[in-house]
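Observations on the model geometry
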Amino acid sequence: MSIGTLLAYSLVAACVLILRYQPDGSYAKPSCNPEKENLTSEDGEMELMESESQLAMLKEGGFTLQTVLNPSMLPTEQSSTVVNIAVSVITFVVCIVSTLTTYKGEAVLAMESWILGLLAVCLVVFIVCLLVVWRQPQTSKKVSFMVPMLPFLPVLSVFVNVYLMVQLSGDTWIRFAVWMAVGFLIYFGYGIRHSLEGQQDEDDDSAHSDLENKNSAEGVEDDDNADENNQFIIHEKTSEC
């Protein structure tokens, strides 16, 4: 398989993993249930305390061990940021492990202490980040791409794809870097300023500014007409006197 295909598979797996932990945007209020009206005052106070604690956890801005390992029931910006950081660390660790096992295979077979210690540290970091992602709440919305066994299956896909990419020769990586540089140069030099989406955004901005100018002009005309009417009424009253 080509390096572009493997990179695309890795990006898709990472995006599928990240999108499942994005916040919903708006949280629906719980509907009234007649059965809950028959609860005792003690049960009502307990539910109120639980809702207040969840609300405080949603509004909490700092990262603590409790909020990371025991997050709220709904995905928030904080939990999404935790997932993004954890996925980035997992990808970095996978790159290190793939590189060590590919280019330092003799040291692994010789059971050298330095590489075994490094692989053990990478394994611990990998497991901790994977458990942190697993503890975070998932979105309740139906996204376009969904896979089972989250987050283990996307992480496994990233590991396999990255390992296969590391197996490729250096000439392949050089050609890939050259073509990526050419693509970035074309995109940022021409495409980003002449794309249909960019032109549509500019048209929307111009239409919005024209509408604001029109509304402001109409407001000025209304004020002028009101002033003229007031002056005309005052003139009639003075003439009648």
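What counts, and at which threshold
Residues numbered from 1 in each chain as written. Predicted model: local features only at pLDDT ≥ 70, side-chain atom pairs only at ≥ 80, totals over all residues. Heavy atoms only, no water. Helix = DSSP H or I, 4+ residues; strand = E, 2+ residues; numbered from the N terminus. Expected span 1.5 Å × (residues − 1). Buried < 20%, exposed > 50% of the residue type's maximum accessible area, 1.4 Å probe, protein only. Arc of directions from axis to C-beta. Contact = heavy atoms within 4.5 Å. Phe/Tyr/Trp six-rings, centres within 6.5 Å; stacked < 30°, edge-to-face > 60°. Polar contact = N/O pair within 3.5 Å; in protein donor to acceptor, adjacent residues only side chain to side chain. Axes fitted to C-alpha atoms, helices over the stretch in contact; angles between N-to-C directions. Parallel < 35°, antiparallel > 145°, perpendicular 65-115°, else oblique. Left-handed = near helix turned anticlockwise from the far one by under 90°. Patch = residues over 30% accessible without salt bridge, like charges linked within 9 Å, V, L, I, M, F, W, Y side chains within 5 Å. Areas by Shrake-Rupley, 256 points an atom, 1.4 Å probe, with all protein chains shown as cover. Salt bridge = Lys/Arg side-chain N within 4 Å of Asp/Glu carboxyl O. 1 Å grid on protein atoms, 1.4 Å probe; cavity = no way out; pocket = protein on both sides within 12 Å on 5 of 7 lines; lining within 4 Å. Points joined across faces, edges and corners; volume = space filled by probe spheres on them. Nonpolar A, V, L, I, M, F, W, Y, C, P; charged D, E, K, R; others polar. pLDDT = per-residue confidence, 0-100. Core = buried A, V, L, I, M, F, W, Y, C linked by side-chain atoms within 4.5 Å.

Attention shifts here to helix α1 (residues 3–19). In this model, α1 (17 residues) spans 24 Å end to end at C-alpha, consistent with the 24 Å of a helix rising 1.5 Å per residue. Listed in full, the buried residues belonging to α1 are Ile3, Leu6, Ser10, Ala13, Ala14, Val16 and Leu17. End-on, the buried residues of α1 take up no more than an arc of 165 degrees, which puts them together on one face. The elements touched by buried residues of α1 are α4 (77–103), α6 (113–135), α7 (152–166) and α8 (170–194).

A separate point is the packing of aromatic side chains. Scanning the entire structure with this criterion turns up four aromatic pairs. Here phenylalanine 159 and tyrosine 163 contribute two aromatic rings whose centre-to-centre distance is 6.5 Å and whose plane-to-plane angle is 15 degrees, an arrangement assigned as stacked. One end of the pair, phenylalanine 159, and the other, tyrosine 163, are both in helix α7, four residues apart, so they sit about a helical turn from each other. On the basis of relative accessibility, which here comes to 33%, the residue phenylalanine 159 falls in the partly exposed class.

It is worth spelling out α7 at this point. Taking 1.5 Å of rise per residue, the 15 residues of α7 would be expected to cover 21 Å, and the 21 Å separating its terminal C-alpha atoms lies within 8% of that figure. What α7 keeps buried is the set Pro154, Val155, Val158, Asn161, Val162, Met165 and Val166. For α7, the angular spread of buried residues about the axis comes to 135 degrees, placing them on one side.

What follows covers the side chain of serine 72. The topology assignment puts serine 72 in the loop between α3 (65–69) and α4. Among the polar contacts made by the side chain of serine 72, one reaches the main-chain carbonyl oxygen of leucine 74 at a distance of 2.8 Å.

Running from amino to carboxyl end, α1 crosses α7 at an angle of 160 degrees, the nearest separation of the two axes being 9 Å. Taken together, the axis directions place α1 and α7 in an arrangement best described as roughly antiparallel. Relative to α7, the crossing made by α1 is left-handed. Contacts between α1 and α7 pair Ile3, Leu6, Leu7, Tyr9, Ser10, Ala13, Ala14 and Leu17 from the former with Pro154, Val155, Ser157, Val158, Asn161, Val162, Leu164 and Met165 from the latter.

Okay, a nonpolar patch on the surface next. On the surface, a cluster of nonpolar side chains totalling about 1,100 Å² of accessible area is made up of Leu123, Ile127, Leu131, Trp134, Met149, Phe152, Leu153, Leu156, Phe159, Val160, Tyr163 and Leu164. For the nonpolar patch, the secondary-structure elements that each account for two or more residues are α6 and α7. Top element by residues in the nonpolar patch is α7. It accounts for seven residues.

Attention now goes to empty space enclosed by the protein. If you walk through the whole model with that rule in mind, you get two cavities of 30 Å³ or more. For the second largest cavity, the calculated volume is near 50 Å³. Those elements that provide at least two residues to the lining of the second largest cavity are α1, α4 and α7. Take the lining of the second largest cavity: its biggest share by element is four residues, from α4. Per-class residue counts for the lining of the second largest cavity are seven nonpolar, one polar and no charged.

Turning our eyes to something else, we now look at unusual backbone geometry. Geometrically, the link from leucine 150 to proline 151 is a cis peptide bond, its omega value of 5 degrees lying close to zero. Relative to the helices and strands, proline 151 is located in the loop between α6 and α7. Here methionine 111, not a glycine, exhibits a phi torsion of approximately 60 degrees, which is positive. Assignment of secondary structure puts methionine 111 in the loop between α5 (105–109) and α6. Judged by its relative accessible area of 57%, methionine 111 falls in the exposed class.

The predicted model of the protein averages 78 in pLDDT, with 67% of residues at 70 or higher. In the predicted structure, residues 26–40 sits below a pLDDT of 50 and forms four contacts with residues beyond four places in sequence or in another chain.

Bringing the nonpolar core into the picture now. If you look at the biggest cluster of nonpolar residues, it comprises 16 residues, and the most contacted ones within it are Leu17, Tyr21, Val83, Ile90, Val133, Val155 and Val162. At the level of secondary structure, the elements contributing two or more residues to this core comprise α1, α4, α6 and α7. Per element, the largest residue contribution to this core is five residues, and it comes from α4. Those residues in contact with valine 83 that lie beyond four places of it in its chain are Tyr21, Val133 and Gln136.

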